[in-house]
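Descriptive structure summary
The residues making up each chain are set out below.
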Amino acid sequence: MLTALLVMAGITLALGLALGYAAVHFHVDGNPLAEQIDAILPQTQCAQCGFPGCKPYAEAVASGAAEINLCTPGGDDGAKKLAELLGREFKPRGVQEEKLKTVAQIDEQTCIGCTLCIQACPVDAIVGSAKQMHTVVSAICTGCELCLPPCPVDCIALIEEPRTPQNWRWKYPRTGLRVVS
Amino acid sequence: MSASRFAHLFHFHGGIKPASHKTESNGVPIRAVPLPERLVVPLIQSSRGGARTIVTVGDKVLKGQCIGEAEGKAGTAIHAPTSGTVKEIGRYPMAHPSGLESLAIVIEPDGEERWFEYERLDPEHASREDLILRIQASGIVGMGGATFPSHIKVDNAIDTLILNGAECEPWITCDDRLMRERAADVLTGATLLGRLSGAKRIVVAIEDNKPEAIAAMRAAVRAEELSDKDESEGIEVVPVPARYPQGGEKQLIKVVTGIEVAAGKLATDYGVQCFNVGTAHAVCRALVHGEAMVSRIVTVTGNVERPGNYEVLLGTRVADLLALAGVKPDTDRTLMGGPMMGFTLPSAEAPITKGSNCVIAASPTLFPHRPPEQPCIRCGSCARACPVELQPFELYWHSRAKNFDKAGEYHIFDCIECGCCAFVCPAHIPLVDYFRFAKSEMRAKNEERKAAEQARARFEFRSFRLEREKAEKAARLAAKAAETRAAMAAAQSSEPKADPS
């Protein structure tokens, strides 16, 4: 009787210690689910979902506070991937054409150097300073359109990324139908 | 001559034996092309890097004068193909399956063909670094079609240098004619490349369907031996049995040395390196004769009156070349490169570049259109033909279903796009088209992922920066408030003293 009690108590103690040790030493910072969701999001940081960036949206989705189909740049494809990851039901975003990647471009003749767009850019892709011309570093620009509304002189436009041999893609092969008669 | 050290050749997996169609164009000596009205020289001529233009419109340039400086370490320079005036720097269609335009320098020839005099280097005494820099400055890239910058390739210590004269692709004969007519220059270039990369032996591998080229190269080696140069010791001409794609780098290395270059490894990791015979010839012209790369040999064949090889100035329009060879009326498209690995040119306005080895006028009789694709019957012919030992039918399923992760698992990026699988497919499936599609989609996805990663890092840093600025501002304000408070307190405590009344 006493032996049994001691054995059980010993096991409990050992397991408790092991669990306590694991909790301290294998502690994972942050929410791994939110990180997985963040990895699926396109990182445009456009805030069109109503959250200030991709990470906050990912956290909201992880906690169940937000729908999975709010990401505009991610589109239906992204929503499907999120549905798969979270085991939730996929809800279509409605009819949407596939958007080509765009980047912002500042008309440098019109720019007055107000720095408002610089403050709006979520990825610091605009350089310039007060009363100096600004310009967009197109390699970093995500095309989120957040710089468009604050511009007082409306000198920012989104342009399609030019096609170069480096980013040109082969088409899906199609063979024509055979003419029978 | 000692007994061949390559008496025993090896074998690569798969491969095909298509009709070679070499005799159409290999019977006539290399012909010159009359100066065209204008030459369009694209700034990007290499697979790894471009050039930065250093001339402006209206400049007079001499033949071989640098007009585009090498951009970065991997860049290669470009040169004026003839003497004349820079007419324009603008966008022109390029020799690429997309038909996209790229920045090019347009030169109007003055007809004098005056060469630009470079300071001569003595290849026997100049330092290795100087010679490699000269190769870069002369704009030399791999002339077999891949256009990899030669100065990067040669800057590796190797044991065996393979001079690639296999020319396994049907219809193309430019390397054949080059070896027959300019064997000595090719050999000099090869010995220079061998010396720069420290190679102990040089193997000239030529497919056995080019007996004249083999004889010419052997004669050149013998002449070298008679001239009593120490380096001639290690040179050997090895005929290899004709089989496509023998001229593929990894395939040729396997056949000659028996070494199988593993996926993701480079030939130099095994102490072997391949150079095309055209590249060796260009190296000889650059280092011995001081001529930058301004022309190349191009095979013009197919549905033309006068097929053959032409010495073409870079920047000559394909249309001019075809007109010279006399295109027959039933030609319906133009192929650049061979029929196996080449592509249909979207526009014959495209200029000849350093990698353009062959222009084929195609007619429905010579190159019948592919019959409609039928369902795969899983016969496995493609897997037997694949020289890389992939399973093309598996890759096909996954590429077709846009299941790119799975295609990656089946090593789609090891595919060399040689076209053997599509050639043998009884269901006429354009397998390579599917693989090219899948590869470019996968590359684009990868780029997107990288861009997203960068955007995430930048967004996170910005958030951190804003937080930090806020904290700093708050700290500053707090410090100021504390200061003011202290000053006020001090003022209050000193007030009674300050007011003696």
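Right, let's get into the overall build of chain B. A tally of helices and strands in chain B yields 13 helices and 17 strands. Whereas a compact globule of 501 residues would reach a radius of gyration of roughly 23 Å, chain B reaches 29 Å, over 25% beyond that. Counting only C-alpha atoms, chain B reaches 125 × 60 × 50 Å along its principal axes. By the burial criterion, 47% of the 501 residues in chain B qualify as buried. Within chain B, residue pairs in contact and separated by at least 24 positions form 72% of the contacts whose partners lie at least 6 positions apart.

What follows concerns the overall build of chain A. Check the secondary structure of chain A and you find five helices and four strands. Helices and strands in chain A line up, N terminus first, as α-α-α-α-β-α-β-β-β. Over its C-alpha trace chain A gives a radius of gyration of 26 Å, far above what one expects of a compact globule, namely 16 Å for 181 residues. Over its C-alpha atoms, taken along the principal directions, chain A stretches across nearly 90 × 70 × 30 Å. The buried share among the 181 residues of chain A stands at 21%. Sequence-distant contacts in chain A: of pairs separated by 6 or more residues, those separated by 24 or more amount to 54%.

Residue and element names in this part refer to chain B. Burial within strand E9 (residues 160-165) is extensive, with six of its six residues counted as buried. Residues of E9 alternate between two faces, with Thr-160, Ile-162 and Asn-164 on one and Leu-161, Leu-163 and Gly-165 on the opposite face, all of them buried. As judged from the six bridges shared by E9 and strand E10 (residues 201-207), these two strands associate in the parallel manner. Bridge assignment links Gly-165 to a residue of E10, and that residue is Ile-206. Bridge count for E9 against strand E12 (residues 272-276) is five bridges, and the pairing is parallel. For Ile-162, the partnering residue across the bridge sits in E12 and is Cys-274.

Moving on: the confidence of the model for chain A. Of all residues in chain A, 93% attain a pLDDT of 70 or more, and the chain-wide mean is 86. Per-element confidence in chain A ranges from a low mean pLDDT of 85 for helix H4 (residues 75-86) of chain A to a high of 95 for helix H1 (residues 2-25) of chain A.

Now for helix H4 (residues 183-196) of chain B. Residue and element names in this part refer to chain B. With 14 residues, H4 ought to run about 20 Å at 1.5 Å a step, and its terminal C-alpha atoms sit 20 Å apart, in line with that. Burial analysis of H4 places 12 of its 14 residues in the buried class, the great majority of the element. Every buried residue of H4 is accounted for by Ala-183, Asp-185, Val-186, Leu-187, Thr-188, Gly-189, Ala-190, Thr-191, Leu-192, Leu-193, Gly-194 and Leu-196. A positive backbone phi angle near 70° is found at Gly-198, which sits one or two residues after H4.

All names here are of chain A. Annotation of chain A at the domain level lists domain 1 (32-86) and domain 2 (100-162). On a C-alpha basis, the centroid separation for the pair domain 1 and domain 2 is 25 Å. With six residues of domain 1 in contact, the opposing surface of domain 2 contributes seven residues. A class-by-class count of the residues in the side of domain 1 that touches domain 2 yields two nonpolar, four polar and no charged.

Before going further, it helps to spend a moment on the nonpolar core. Core analysis: the biggest nonpolar cluster contains 123 residues, and Leu-163, Ala-205, Met-217 and Leu-321 of chain B have the highest contact counts within it. In this view, Ala-205 of chain B contacts Ile-162, Leu-163, Asn-164, Gly-165, Ala-166, Val-238, Val-240, Leu-252 and Val-256 of chain B; residues no more than four positions away in its chain are not counted. Cys-147, Cys-151 and Ile-156 of chain A together with Ala-455 of chain B belong to the second-largest nonpolar core, a separate cluster that totals 14 residues.

In this section: the sheet that holds strand E17 (residues 358-362) of chain B. All names here are of chain B. Strand order in the open sheet formed by six strands is E1-E14-E13-E17-E15-E16, with mixed pairing between adjacent strands. For this open sheet the edge positions go to strand E1 (31-32) and strand E16 (343-344), each flanked by a neighbour on one side alone. Bridge count between strand E13 (residues 295-302) and strand E14 (residues 308-313): six bridges; the pairing is antiparallel. Bridging across to E14, Val-300 finds its partner in Gly-308. In this fold helix H3 (residues 174-181) packs onto E13, E14 and E17, with an angle of close to 125° to the strand it touches most, E13.

Our next topic: the sheet that holds E12 of chain B. All names here are of chain B. A sheet is described by the order of its strands in space; here four strands give the open sequence E11-E10-E9-E12, paired in parallel fashion. Strands at the two margins of the open sheet, each flanked by one partner only, are strand E11 (235-240) and E12. Recorded for the sheet is a direction-independent mean angle of 25° between the axes of neighbouring strands.

The subject of this paragraph is helix H3 (residues 54-62) of chain A. Residue and element names in this part refer to chain A. Where H3 is concerned, the buried positions are Cys-54, Lys-55, Tyr-57, Ala-58 and Val-61. Buried residues of H3, viewed axially, fall in a sector of 160°; they line one side. Just beyond H3, the residue with positive phi is Gly-64, at close to 85°.

Attention shifts here to the pairing of strand E5 (residues 66-70) of chain B. All names here are of chain B. Among the five residues in E5, four count as buried, and that is most of the element. Relative to E5, strand E3 (residues 51-53) is paired through three bridges, and the arrangement is antiparallel. If you follow Ala-51 over to E5, its bridge partner there is Ala-70. The sheet contact formed by E5 and strand E6 (residues 78-79) spans two bridges and is antiparallel.

What follows concerns the packing of helix H1 (residues 128-137) of chain B against helix H7 (residues 277-287) of chain B. Residue and element names in this part refer to chain B. One way to put it is that H1 packs onto H7 with a least axis distance of 10 Å and a crossing angle of 110°. When the axes of H1 and H7 are compared, the pair comes out roughly perpendicular. Counting all contacts with H1, which are made through Leu-131, Arg-134 and Ile-135, the residues of H7 involved are Val-283, Ala-286 and Leu-287. Partitioned by chemical class, the residues of the contact of H1 with H7 number five nonpolar, no polar and one charged.

About the cut-offs
Residues numbered from 1 in each chain as written. Chains lettered and ligands numbered in written order. Predicted model: local features only at pLDDT ≥ 70, side-chain atom pairs only at ≥ 80, totals over all residues. Helix = DSSP H or I, 4+ residues; strand = E, 2+ residues; numbered from the N terminus. Rg over C-alpha atoms; globule rule 2.2 N^0.38 Å. Buried ≥ 20, exposed ≤ 12 C-beta atoms within 10 Å, placed from the backbone. Contact = placed C-beta atoms within 7 Å. Pairing = 2+ DSSP bridges. pLDDT = per-residue confidence, 0-100. Expected span 1.5 Å × (residues − 1). Domains from an automatic or database assignment. Nonpolar A, V, L, I, M, F, W, Y, C, P; charged D, E, K, R; others polar. Core = buried A, V, L, I, M, F, W, Y, C linked by C-beta atoms within 7 Å. Axes fitted to C-alpha atoms, helices over the stretch in contact; angles between N-to-C directions. Arc of directions from axis to C-beta. Parallel < 35°, antiparallel > 145°, perpendicular 65-115°, else oblique.

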